[in-house]
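Here is what each chain is made of, one letter per residue.
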Amino acid sequence: MAGLMFASHPIHTEAVAGIVGRADVGASLFFLLSLLCYIKHCSTRGYSARTWGWFLGTGLCAGCSMLWKEQGVTVLAVSAVYDVFVFHRLKMKQILPTIYKGKNLSLFLSICLLTFWGTSLLGARLYWMGNKPPSFSNSDNPAADSDSFLARTLTFFYLPSKNLWLLLCPDTLSFDWSMDAVPLVKTICDWRNLHTVAFYIGLLLLAYYSLKSPTTERECDGKFVTNGKQNANGHSCHSDAEYRNSEIKSSFASKVENGIKNNVSQRTQLPSTENIVVLSLSLLIIPFVPATNLFFYVGFVIAERVLYIPSMGFCLLITVGARALYVKVQKRFLKSLIFYATATLIVFYGLKTAIRNGDWQNEEMLYRSGIKVNPAKAWGNLGNVLKSQSKVSEAESAYRNALYYRSNMADMLYNLGLLLQENSRFAEALHYYKLAIGSRPTLASAYLNTGIILMNQGKTEEARRTFLKCSEIPDENLKDPHAHKSSVTSCLYNLGKLYHEQGHYEDALSVYKEAIQKMPRQFAPQSLYNMMGEAYMRLSKLPEAEHWYMESLKSKTDHIPAHLTYGKLLALTGRKSEAEKFFLKAIELDPTKGNCYMHYGQFLLEEARLIEAAEMAKKAAELDSTEFDVVFNAAHMLRQASLNEAAEKYYDLAARLRPNYPAALMNLGAILHLNGRLQKAEANYLRALQLKPDDVITQSNLRKLWNIMEKQGLKTSKT
């Protein structure tokens, strides 16, 4: 019945259905194997050489269980409880006299070895952790972060009773119990303290009655006996003391056949109810101790998967209680009632498990199921899922719901800002990024995206300060160190690009070098290396530039920008055929990218292959008709190829893409001038001068235009 209850219990859903639960299931497997090995060790101890082989199996399985999850090491303590209270049937008052008189040295040796091995495993684990516990955010375990000693104490005492209630009545389950899912117990007057008191009183009573001295009346296979004699019809049963004496005698009884000694004495009795209660309590309590915050703080308030091993003790405890009642009552009706009530409980557990498995079918259903318990976390995670499904408005609503319940969640503020940024709502995105930084000043990704938006808005000084501040964040007490380092590296990369665009190539190189020093192993460095090459090329340090272009291509062999920039360098150093191969390779890698055709066209133009250059220019402008740089350069190449009509078309498109850009208007005016559309040319020159009044070239072109217009008798704005 205990096995059926364990198999059907809903609290196991997370451990079985969730990937993270593999650790708990694996730890449980080796936990039970270790316990079984120790039971074999106990049964063979004293008359078999294999006994220490079983003990070795106990230690190895305990180590494997701990490698799955730290609580696995507690099997050694459970094994000690089994040895003392179940196998040897000692009571609390008998332990010290047994040790003092040296009556059972094999028991004492086994317990010492268990203690030594457990201490060694824990010492090794602490060493691997750097001799300090892991750090968690205050939202993961609010009680641990509370300034009030009373609140911490009352909450930590209350949480075991809450966990027991989840085992008894798993009606409300959640994938996450952090944040405010379980409010802190802040005062003595909180009614939940009654649960705490009832829990510990019940626990102490159970422990007391199962560990107290033997009574004159005890149970044996469903029959009660007094002083070793049966009090009802049936077979006889010995008292504890008589049983131990008979067992010691029979353990040495053997028969010899062909020179081989074979054991003929085996235990014939089931453990008493008290023994099973002790074992159940040890299985329930000891594996749960690491999650109690008693020795160190843990990164959760309640975690259902942590109850996977303790639930074994719970299921056994409920079953032994039902069995004791079944044996004690006399009426057949009451016996049937107890049996069917226990069976009904198992059925209800199974139905709840089936329903709960439905919540774990996919992420969206799981997060929706947790809204009732932890709305802030559930809405936030649901927002991420909806965003991945391109349900933008629903995702935004979910993020805002999460922030309604907990307004200072930095991750949620950042995620909402990112969603707004991706939908070109830059002002709102900036607002939420700044709130995220205010909530968590070490959130490097928020600095990165803030700087990018500011840079694109032309606020270069503010962007520079943001990138610099990001690069100065200390690498300590971070929630995700790898993601932080990647964001810092990206900040430095963008800061270098900012300096590069301003013509400060030495400053750009300095920042790029710092980025290379700080970048984590998982960071993709090809763009950074390529920009290093660009900066060296601008400084006419061509060997260094070539080195970094090659590094970029080594890092990512199909990196298109590196093919284009390295092709330009090869053309500059006279290796024309090699350069053309790199340009053609870039086009081959992505035939839909207009920028590749534009660079190849410029190369062809420099080689005086005007017709081919013009074809590349048209192709580039057609593919990237919304990219100003591509369209503007294509128009320029067409003009140089003397294809003025086509050049006019693309200069006009460039001017429409950037209507307030003086160079675009001036060049459009020039091509209109050449094509004889004088009045339109004048209008564009005048507009360019309004935006940039001191532009000498535009002023000169306009004077020439006016002279032509006056000769032709056309009216000018000058007159």
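Residues numbered from 1 in each chain as written. Predicted model: local features only at pLDDT ≥ 70, side-chain atom pairs only at ≥ 80, totals over all residues. Heavy atoms only, no water.

Comments concerning the pattern of salt bridges
Stated precisely, the cut-off is as follows: Salt-bridge detection follows one rule: a side-chain nitrogen of Lys or Arg within 4 Å of a carboxyl oxygen of Asp or Glu. For helices the rule is a DSSP run of H or I covering at least 4 residues; for strands it is a run of E covering at least 2, with both sets numbered from the N terminus onward. Only protein chains enter the accessibility calculation, which uses a 1.4 Å probe. A residue is then buried if its area is under 20% of the maximum for its type, exposed if over 50%, and partly exposed in between.
What the rule picks out here adds up to 28 salt bridges. The partner of D411 in a salt bridge is R440, and the shortest N-O contact between them spans 3.2 Å. Of this pair, D411 sits in helix α18 (residues 410–422) while R440 sits in the loop between α19 (426–439) and α20 (444–456), and the two are 29 residues apart along the sequence. Taking the shortest distance from any N to any O, the salt bridge between E645 and R677 comes out at 3.8 Å. Highlighted residues: E645 in helix α31 (residues 644–657) and R677 in the loop between α32 (662–674) and α33 (678–691), separated in sequence by 32 residues. With a relative accessible area of 52%, E645 lands in the exposed category.

Re the environment of E544
Positionally, E544 belongs in helix α25 (residues 542–555). Exposure remark for E544: the relative accessible area of 35% places this residue in the partly exposed category. Counting along the chain gives 11 residues from E544 to G533, while the straight-line C-alpha distance between them is 6.9 Å.

Some words on a nonpolar patch on the surface
Here is the rule we go by: Patch building starts from residues that exceed 30% relative accessible area and form no salt bridge, then joins like charges within 9 Å and nonpolar side chains (Val, Leu, Ile, Met, Phe, Trp, Tyr) within 5 Å. Every accessible area reported is derived by Shrake-Rupley at a probe size of 1.4 Å, with residue values counting cover from the shown protein chains alone.
Judged by side-chain polarity, V197, I201, L205, Y208 and Y209 come together as a nonpolar surface patch covering roughly 520 Å² of accessible area. Along the chain, Y209 falls in helix α10 (residues 192–211).

Some remarks on helix α17 (residues 392–405)
Using the following cut-off: Multiply 1.5 Å by the residue count of a helix minus one, and that product is the helix's expected span. For this quantity, the arc is that covered by the directions from the helix axis to the C-beta atoms.
An ideal rise of 1.5 Å per residue puts 20 Å on 14 residues; α17 measures up with 20 Å between its terminal C-alpha atoms. Of the residues making up α17, those classed as buried are A395, E396, A398, Y399, A402 and L403. Viewed along the axis of α17, the buried residues span an arc of 160 degrees, placing them on a single side of the element. Set apart from the buried face of α17 by more than 90 degrees, the exposed residues are S393 and Y404.

Looking at the packing of aromatic side chains
This is how it is decided: Here the aromatic set is Phe, Tyr and Trp, taking the six-membered ring for Trp, and pairing holds for ring centres within 6.5 Å; pairs whose planes are under 30 degrees apart are stacked, those over 60 apart are edge-to-face, and all others are tilted.
For the structure on display, the rule yields 20 aromatic pairs. An angle of 35 degrees between the planes, with centres 6.2 Å apart, marks the rings of F583 and Y600 as tilted. Here Y600 lies in helix α28 (residues 594–606) and F583 lies in helix α27 (residues 576–589), a separation of 17 residues in the sequence. Looking at F583, the relative accessible area reads 1%, which means it is buried.

Quick look at the UniProt feature "repeat: TPR" (unreviewed entry) in the protein chain
As a reminder, the rule being used: UniProt positions are given in the numbering used here, feature names are shortened, and annotations may be inferred rather than shown by experiment.
As recorded in UniProt, the sites labelled "repeat: TPR" (unreviewed entry) are residues 376–409, 410–443, 444–477, 489–522, 560–593 and 662–695. What you have in residues 410–443 is 79% helix and 0% strand, and the ends, taken at the C-alpha atoms, are 8 Å apart. For residues 560–593, the helix share is 79%, the strand share is 0%, and the end-to-end C-alpha distance is 10 Å.

Re the UniProt feature "transmembrane region" (unreviewed entry) in the protein chain
UniProt's feature table lists "transmembrane region" (unreviewed entry) at residues 15–39, 104–128, 194–211, 276–300, 306–326 and 333–351, given in the numbering used throughout. As a span, residues 306–326 carries 81% helix and 0% strand, and end to end its C-alpha atoms are 31 Å apart. In the segment residues 333–351, helix accounts for 100% and strand for 0%; the C-alpha atoms at its two ends are 26 Å apart.

What about unusual backbone geometry?
Look at R89: it is not a glycine, yet its phi comes out positive at around 55 degrees. Structurally, R89 can be placed in the loop between α5 (75–87) and α6 (92–101). Among the residues examined, R89 registers a relative accessible area of 4% and is labelled buried. One non-glycine residue with positive phi stands out, namely S424, at about 65 degrees. Mapped onto the elements of the fold, S424 is located in the loop between α18 and α19.

Focus: the environment of N163
The condition is simple: Residues count as neighbours in contact if any of their non-hydrogen atoms are within 4.5 Å of one another.
With respect to the helices and strands, the residue N163 is situated in helix α9 (residues 149–168). Here N163 falls in the buried class, since its relative accessible area comes to 4%. A sequence separation of 125 residues divides N163 from F288, and the C-alpha atoms of the two residues are 9.8 Å apart. Beyond its immediate chain neighbours, meaning those up to four positions away, N163 contacts F288, I302 and L307.

Here we look at the side chain of H484
Along the chain, H484 falls in helix α22 (residues 481–501). H484 gets classed as buried once you look at its relative accessible area, which sits at 5%. With sequence-adjacent residues up to four places away left out, H484 is seen in contact with T442, A444, I473, P474, D475 and L478.

A few points about the packing of α20 against helix α21 (residues 460–471)
The test is simple: Throughout, an axis means a line fitted to C-alpha atoms (over the contacting stretch in the case of helices), and angles, computed between N-to-C directions, take values from 0 to 180 degrees. We call two directions roughly parallel when the angle between them is under 35 degrees, roughly antiparallel when it is over 145, roughly perpendicular when it lies between 65 and 115, and oblique otherwise. Crossing handedness follows the turn of the near helix against the far one: under a right angle anticlockwise gives a left-handed crossing, and clockwise gives a right-handed one. Here the term charged refers only to Asp, Glu, Lys and Arg, the term nonpolar to Ala, Val, Leu, Ile, Met, Phe, Trp, Tyr, Cys and Pro, and the term polar to all other amino acids, Gly among them.
Two elements in contact, α20 and α21, have axes separated by 8 Å at closest approach and are oriented at 165 degrees. Considering the angle they form, α20 stands roughly antiparallel to α21. As for the relative orientation of α20 and α21, their crossing is left-handed in sense. Across the interface between the two elements, A444, Y447, L448, T450, G451, I452, L454 and M455 of α20 pack against E462, A463, T466, F467, K469 and C470 of α21. In the contact of α20 with α21, the residues fall into nine nonpolar, three polar and two charged.

With respect to helix α24 (residues 526–538)
Between the first and last C-alpha of α24 there are 19 Å, a value that for 13 residues agrees with the 18 Å anticipated at 1.5 Å per step. Of all 13 residues making up α24, 11 are buried, and the element is well covered by its neighbours. Listed as buried for α24 are Q526, L528, Y529, N530, M531, M532, G533, E534, A535, Y536 and M537. Packing partners of the buried residues in α24 comprise α22, α23 (505–518), α25 and α26 (560–572). Downstream of α24 by one or two residues, S540 has phi in the positive range, about 60 degrees.

Here's the deal with the side chain of T155
Applicable threshold: Definition of a polar contact: a pair of N or O atoms within 3.5 Å, with one able to donate and the other able to accept a hydrogen when the atoms are protein atoms, and with sequence-neighbouring residues admitted only if both atoms are side-chain atoms.
Positionally, T155 belongs in helix α9. Within the structure, the side chain of T155 is placed 2.7 Å from the backbone oxygen of A151, a separation counted as a polar contact. Every residue in contact with T155, bar those within four places of it in the chain, is listed here: A143, L184 and V185.

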